[in-house]
Amino acid sequence: MKEMIWAHNFARKNGFSIRKARSTESQNLGIYRRDFVCYRSGFNQPRKKANVEHPRDRKSVRCGCGAKLYLTKEIVDGVMQWYVSQFSNVHNHELLEDDQVRLLPAYRKIQEVDQERILLLSKAGFPVNRIVKVLELEKGVQPGQLPFIEKDVRNFVRTCKKTVQENDALLNEKRENDMLELLEACKAMTGRDPDFVYDYTIDENEKVENIAWSFGDSIRAYTIFGDVVAFDTTYRSVTYGLLLGVWFGIDNHGKAIFLGCVLLQDESSHSFAWALQAFMRFMRGRHPQTILTDIDSGLRDAIARELPNTKHVLCIWHILSKISSWFSLPLGSQYENFKTEFDMLSQLESVEDFEHQWNILVARFGLVSDKHIALLYSYRASWTFSYIRSYFLARTLTAEFSLSLESFLKRILNGQTCLQVFFEQVSIAANLENQTREGMQYMHVKTGMPLEEHARNILTPYAFNVLQHEIVLSVQYATTEMANGSYLVRHYKKLDGECLVIWMPDDEQIHCSCKEFEHSGILCRHSLRVLVVKNYFQLPEKYFPLRWRVESSLVSVDDQNAQISSDGGAQAFHSLTASLLTESLISKDRFNYVHNELTSLLEHVRNMPVIDEYAANAAANNISEL
């Protein structure tokens, strides 16, 4: 009805929802009166409590709000029309902002197309929280921004449980056939990629149960970038409910690189243990320094058993993606303040500060008995920066890496139901030639420091950009030498927060209390400041880890040489044009002459025929001889 749609739209724009209070009907006019009231109108009548030991005492949202809209239908000049007979928009409670009002039950609707997708994923065995994550990924929305919440999905699945369980026999048969085809595809891949490896298990019925695989390129990449591994278990294979696990590394350009893949029948600790064992066999027994995962007790136990010397870190973006569904409704209008404080708390550097602020946060928002808060606290040593700051993570917790990882997953998760097709998609996406890499572009120096020039020739543009940022900021820090040869390094504007830098000249070792080098493999501004004070014009070789060097790039040597030659040409052009600009600004005549000549030269170059790449590279090499 148009009048109901209008009433709903008005309420939503004003920060509340409505419910029908009464409809009055007559034989001649049909329904001739509709009464709408605020969703917090009236008071809940006390119900007889069930005869149980601990009855549930749900808090009512009704508070006697008097806001109302009464519509009446009449016949005027032979035409039936509705008009407003009574209206009041005076509320005795807080009206909600748009981000909160959308979470009211009246506005949380699961559209038919989403219902179908939810049923498909539920039939495949997806838990509700992963169904929500898949829908967010497919729709390209931020966590918590779907037009419904996890509770709505859970209720919908529960009401459709009977439908979800139909045709199980047919589904199992199709899964068995697809798993056999996937196994055959793995066998065939060994002919195309001699270094391709795979492994699988068989259940008691001689059916393929779990299967894992990796490619030759991935194994070679692991020898350089296997220090940190992200194991993503966010998704399941469509249709069959097989848990999809993908191993990623981070290359020297800061991009996610595929290392391996596994499909598991369940999420038990036993299944995860087999997956980890298979991956370690693929990677010739070399364990990573650090592994990043989502929150999962079974996976946590398996890592503790199979990788006892590997640090286990929970991805902060997985935790943040759950915060909205866990706390937005219980906290209501307080949620945004909670999220802001939670973000700040997760980045605290001191364990003591974290413990203190955590208790304050929990008490302030009344979350002492919340199960999710208890879960996060029990895992705190695996996700808060104060606890993991000394773990080597190679910048895998950056937003750039997270986006790169999600981009890869999107390329292989496009709704295909056939495992053989899925396998081919993974093969294509995992091919190094198809994985987007940053170009070896020319990087300008900003400070003119010799150590900056030196680092530019060794590091990839990505790693150099990070180090360069620290070099630029280092000049803002003052040093105070201590009696034992160590240094206190402090920002010139700040009165607290100094770092202790220990310098050991005998073997050129430097250690900072901020632990940035241990965390990312790139020196911090505090250490750089001390090295400058010690008159270092080049950084010691040990502070250029192999994983961040240009020479470790996953491209052919010829491609590297061609690009390096191009970089040299770019540098020569930059120097030449800078000198030309300086000379031309001495007088107006010089400037006009240079401008005219350059305009003519540009036109001439544009009209030149395009030569092949080899000649272009040779020309770039010869520029330095001019």
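Sequence order as written defines the numbering, with residues in each chain counted from 1. Thresholds applied to this predicted model are a pLDDT of at least 70 for local features of residues and 80 or more for the giving and counting of side-chain atom pairs; totals over whole chains, interfaces and linings are not thresholded and use all residues. Remark: hydrogens and water are excluded; side-chain values derive from all non-hydrogen atoms of the structure.

Named according to an unreviewed UniProt entry, the protein is Protein FAR1-RELATED SEQUENCE originating from Prunus mume. UniProt positions are given in the numbering used here, feature names are shortened, and annotations may be inferred rather than shown by experiment. The record held by UniProt for the protein lists under Function (unreviewed entry) the comment "Putative transcription activator involved in regulating light control of development." According to the UniProt record, the Sequence similarities (unreviewed entry) comment for the protein reads "Belongs to the FHY3/FAR1 family."

Engineer: Before we go on, may I ask you to explain a nonpolar patch on the surface in this structure?
Structural biologist: Residues with no salt bridge and a relative accessible area higher than 30% make up the patches, which join like charges within 9 Å and nonpolar side chains (Val, Leu, Ile, Met, Phe, Trp, Tyr) within 5 Å. Shrake-Rupley sampling with a 1.4 Å probe provides the accessible areas, and residues are treated as covered by the protein chains on show and by no other component. In what follows, salt bridge is the name for a side-chain nitrogen of Lys or Arg lying within 4 Å of a carboxyl oxygen of Asp or Glu. Taken together, the side chains of Met 482, Leu 500, Ile 502 and Met 504 present a nonpolar region at the surface, about 300 Å² in accessible area. One can find Met 504 in strand S14 (residues 499-504). Helix and strand definitions here come from DSSP, where helices need a minimum of 4 consecutive H or I residues and strands a minimum of 2 consecutive E residues; each element is numbered from the N-terminal end.

Engineer: Help me understand the sheet that holds strand S1 (residues 18-26) in this model?
Structural biologist: Pairing between sheet strands relies on hydrogen bonds along the backbone, with the strands arranged either parallel or antiparallel. By definition, two strands form a pair when at least two bridges between them are found by DSSP. An order of S1-S2-S3-S4 is seen for the four strands of this open sheet, with the pairing classed as antiparallel. Every interior strand has two partners, whereas the edge strands, S1 and strand S4 (79-88), have only one. Averaged over all pairs of adjacent strands, the angle between strand axes in this sheet comes to 20 degrees, irrespective of strand direction. As defined by bridge partners, strand S2 (residues 30-38) adjoins strand S3 (residues 68-76) across five bridges and the pair is classed as antiparallel. All axes here are fitted lines through C-alpha atoms, helices being fitted over the stretch that makes contact, and every angle between N-to-C directions spans 0 to 180 degrees.

Engineer: Explain the side chain of Asp 294 here, please?
Structural biologist: Checked against the element boundaries, Asp 294 lands in the loop between strand S10 (290-293) and helix H10 (297-306). Given a relative accessible area of 8%, Asp 294 falls into the buried group. Counted as a polar contact is a pair of N or O atoms within 3.5 Å, where, for protein atoms, one must be capable of donating a hydrogen and the other of accepting one, and residues adjacent in sequence contribute only when both atoms are in side chains. At 2.9 Å, the side chain of Asp 294 forms a polar contact with the side chain of Lys 322. Residue contacts for Asp 294: discarding those within four places in its chain leaves Leu 314, His 318 and Lys 322. The rule is simple: take the accessible area with a 1.4 Å probe, protein chains only, and divide by the maximum for that residue type; under 20% is buried, over 50% is exposed, in between is partly exposed. Residue contacts are counted whenever heavy atoms from the two residues lie within 4.5 Å of one another.

Engineer: Please explain the confidence of the model for the protein as it appears in this structure.
Structural biologist: Detailed conclusions should not be drawn from predicted coordinates in areas where pLDDT is low. The score called pLDDT rates the predictor's confidence residue by residue, from a low of 0 to a high of 100. Per-residue confidence for the protein gives a mean pLDDT of 83, with 83% of residues at or over 70. Every residue in residues 556-568 is under pLDDT 50, and counting partners more than four places away or in other chains gives 12 contacts. In the predicted structure, residues 611-626 sits below a pLDDT of 50 and forms nine contacts with residues beyond four places in sequence or in another chain.

Engineer: Where do I start with the UniProt feature "domain: SWIM-type" (unreviewed entry) in the protein in this structure?
Structural biologist: The residues that UniProt annotates with the feature "domain: SWIM-type" (unreviewed entry) are residues 500-535. Its end C-alpha atoms 19 Å apart, residues 500-535 is made of 39% helix and 25% strand.

Engineer: How should I be thinking about the pattern of salt bridges in this particular structure?
Structural biologist: Where charged atoms of side chains with opposite charge meet at close range, the side chains can pair. Applying the stated criterion to the full structure yields 22 salt bridges. Linking Lys 133 and Glu 406 is a salt bridge whose minimum nitrogen-to-oxygen distance equals 3.7 Å. Taken together, the residues Lys 133 in helix H4 (residues 128-139) and Glu 406 in helix H16 (residues 399-412) connect sequence positions 273 residues apart. Under the relative-accessibility criterion, Lys 133 is labelled buried at 14%. A residue is classified by how much of its surface remains accessible, and Glu 406, at 23% relative accessible area, is partly exposed.

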